[in-house]
Amino acid sequence: MKTRARGEFHRAATLGEQPLFTGPPGAGRNQAARAFAAALQCVSPDRALGGAPGCGFCDGCHTALIGTHADVNTITAVGAVIRVSDMRDTVRKSFTAPATGRWQVILVEDAERLNESSANAVLKAVEEPAPRTVWLLCAPSVEDVLPTIRSRCRHLNLSTPSVDAVADLLVRREGIEPDVAAAAARATQGHVDRARRLATDPAARERRAAVLKLPLRVQDIGSALKAAQELVDAAAEDAKQLAEQRDTKETDELKAALGAVQGGRLPRGTAGVVKELEEMQKRRRTRTQRDSLDVALTDLTSFYRDVLALQLGSRVAIANADAEDALERLARDNSPESTLRRIEAIDACRDALDRNVTPLLAVEAMTMALRAG
């Protein structure tokens, strides 16, 4: 991967193009881009002797990989889109010289969330970057990125790692028991981050188990609506738990930086800065809730895909072996056509959430469609 990425970068640099990393969820596009940034910032003494950059251990590599390097700036969508104001600040930063590193690296983790305004703000900087600046963009696919941006990038596509490779990674790096690692990797179909969380977080396993019970619960209108409410509430609680500690820390650090006096009173004229942080945190909580819902929808899709595999006699390995009884029951009592309609209903729910439909309304429409078959 390292060799291929270096070759792609040199070709991109020659053509005035910036790397665009794409791949399905779990392919590790953000991690690959960050490893690429680490290789650019590598200060290993071996480089002077002709060694390849990207040792992974020097100060340049280490700080780039953990996200603390002064010259590696990461842009992530807080809400549904990356705002134009954020990108204008980033563009200004991209034309400054590196503070300590070899390159000024701008890593845009959610390039698909650049809307027309924010994309126009970065267009010139991506097309003609400063001499020591590199833009690294990440997106699920080339088609998800606006044409004006993707036409100026060198495309590097990644594939999802195999289930066995993910299980091996969890065993070697996380010290997880082989059978637990294998089950988590199989359940998440090669998504490393989700497999790690599923293998190490009991609450994540409980949420997944509840989601996999949903197909058998939507027998009537009342149960379908109740299941929808519980699914949305679980996502909201998950988002709340993830946000509480992070939001408190950010707020305390900002107030300290602004010179808040003992008792929490802010200096005159700084309340607007705190208000802006609170608004950003609110947008982030909304997105976190929708990301949590998306994980549940992915698990549901995987469940019905297993049902369809059983109905069609496919030799594809079942991802949700721990729900085999429910899979066989639905496969026996329903037709492949109804299973496909249910998968389409889940996709429709995901599209509705992307269009900012109220989560409860979108999920209720889905559970009613799952009931109807």
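Values in this document were obtained by computation on a predicted structure and should not be read as measured data.

What about the overall build of the protein?
Moving on, step 1. For the protein, the helix and strand inventory stands at 15 helices and five strands.
Moving on, step 2. Over its C-alpha trace the protein gives a radius of gyration of 23 Å, about what one expects of a compact globule, namely 21 Å for 373 residues.
Moving on, step 3. Taken along the three principal axes of its C-alpha coordinates, the protein extends 65 × 55 × 40 Å.
Moving on, step 4. Burial status across the protein gives 43% buried among its 373 residues.
Moving on, step 5. Taking the intrachain contacts of the protein between residues at least 6 apart in sequence as the baseline, contacts between residues at least 24 apart amount to 73%.
Moving on, step 6. Surface summary for the protein: the accessible area is close to 19,500 Å², and the carbon and sulfur share equals 52%.
Moving on, step 7. Distance between charge centroids for the protein: 3 Å, based on 52 positive and 51 negative side chains.

Describing the side chain of Ser94
Moving on, step 1. Of note, Ser94 is situated in helix H4 (residues 84–94).
Moving on, step 2. Relative accessible area serves as the criterion here: at 1%, Ser94 is assigned to the buried category.
Moving on, step 3. Residues within four places of Ser94 in sequence aside, it is in contact with Gln104, Ile106, Ala125, Ala130, Thr133 and Trp135.

Structural notes on the nonpolar core
Moving on, step 1. In terms of nonpolar packing, the biggest core is built from 31 residues, with Leu231, Leu300, Phe303, Tyr304, Val363, Met366 and Leu370 touching the most fellow members.
Moving on, step 2. Elements supplying a minimum of two residues to this core: helix H10 (202–217), helix H11 (221–258), helix H12 (271–312), helix H13 (324–333), helix H14 (336–354) and helix H15 (359–372).
Moving on, step 3. When residues in this core are grouped by element, the largest group, seven residues, is from H12.
Moving on, step 4. Setting aside anything within four residues of it in sequence, one finds Leu231 in contact with Val211, Leu214, Leu293, Ala296, Val363 and Met366.

What about the packing of aromatic side chains?
Moving on, step 1. Under the criterion given, the structure shown has two aromatic pairs.
Moving on, step 2. Residues Phe303 and Tyr304 carry aromatic rings whose centres are separated by 5.5 Å and whose planes lie at 85 degrees to one another, so their mutual orientation is edge-to-face. You'll find Phe303 and Tyr304 in the same group, each marked buried.
Moving on, step 3. The ring of Trp103 carries the charged tip of Arg132 above its face, separated from the ring centre by 4.1 Å.

A short note on the sheet that holds strand E3 (residues 104–108)
Moving on, step 1. With respect to topology, five strands assemble into an open sheet ordered E2-E3-E4-E1-E5, the strand pairing being parallel. In this open sheet, the two edge strands, each paired with only one partner strand, are strand E2 (72–75) and strand E5 (153–157). Within the sheet, the average angular offset between the axes of one strand and its neighbour, ignoring direction, is 20 degrees.
Moving on, step 2. Bridge count for strand E1 (residues 18–22) against strand E4 (residues 133–139) is three bridges, and the pairing is parallel. Residue pairing for E4: Leu20 is matched across the bridge by Leu137.

Scoring rules and cut-offs
Think of each chain on its own: its residues are numbered from 1, step by step along the sequence as written. With pLDDT at 70 or above as the cut-off, local features in this predicted model cover only qualifying residues; side-chain atom pairs require 80 or more to be listed or tallied, and sums for whole chains, interfaces and linings still use all residues. Excluded from the side-chain calculations are hydrogens and water; all other atoms, namely the structure's heavy atoms, are used. Here a helix means four or more residues in a row that DSSP labels H or I, a strand means two or more in a row labelled E, and each is numbered from the N terminus. Two things to know: the radius of gyration comes from C-alpha atoms, and the globule rule equals 2.2 Å times the number of residues to the power 0.38. Residue exposure (1.4 Å probe, protein chains only): buried if accessible area is under 20% of the type maximum, exposed if over 50%, otherwise partly exposed. Contacts were defined at the residue level, with two residues in contact if any of their heavy atoms lie within 4.5 Å. Accessible surface is estimated by sampling points in the Shrake-Rupley manner with a 1.4 Å probe; for residues, cover comes only from the protein chains shown. Charged-residue counts in this description rest on Lys and Arg as positive and Asp and Glu as negative, His and the chain ends being excluded. We put the charge of a Lys on NZ, of an Arg on CZ, of an Asp on CG and of a Glu on CD. The definition of a nonpolar core used throughout is a set of buried Ala, Val, Leu, Ile, Met, Phe, Trp, Tyr and Cys residues joined through side-chain atoms within 4.5 Å. Stacked, edge-to-face and tilted are the three classes for Phe, Tyr and Trp ring pairs, Trp counted by its six-membered ring, which pair at centre distances within 6.5 Å; planes under 30 degrees apart are stacked, over 60 edge-to-face, the rest tilted. For a lysine, the NZ atom is tested; for an arginine, the CZ atom; a charge sits over a ring if that atom is within 6 Å of the ring centre and within 35 degrees of the ring normal. By this definition, two strands are paired if DSSP reports at least two bridges between them. The axes used here are C-alpha line fits, helices contributing only the stretch in contact, and every angle between their N-to-C directions lies in the interval 0 to 180 degrees.

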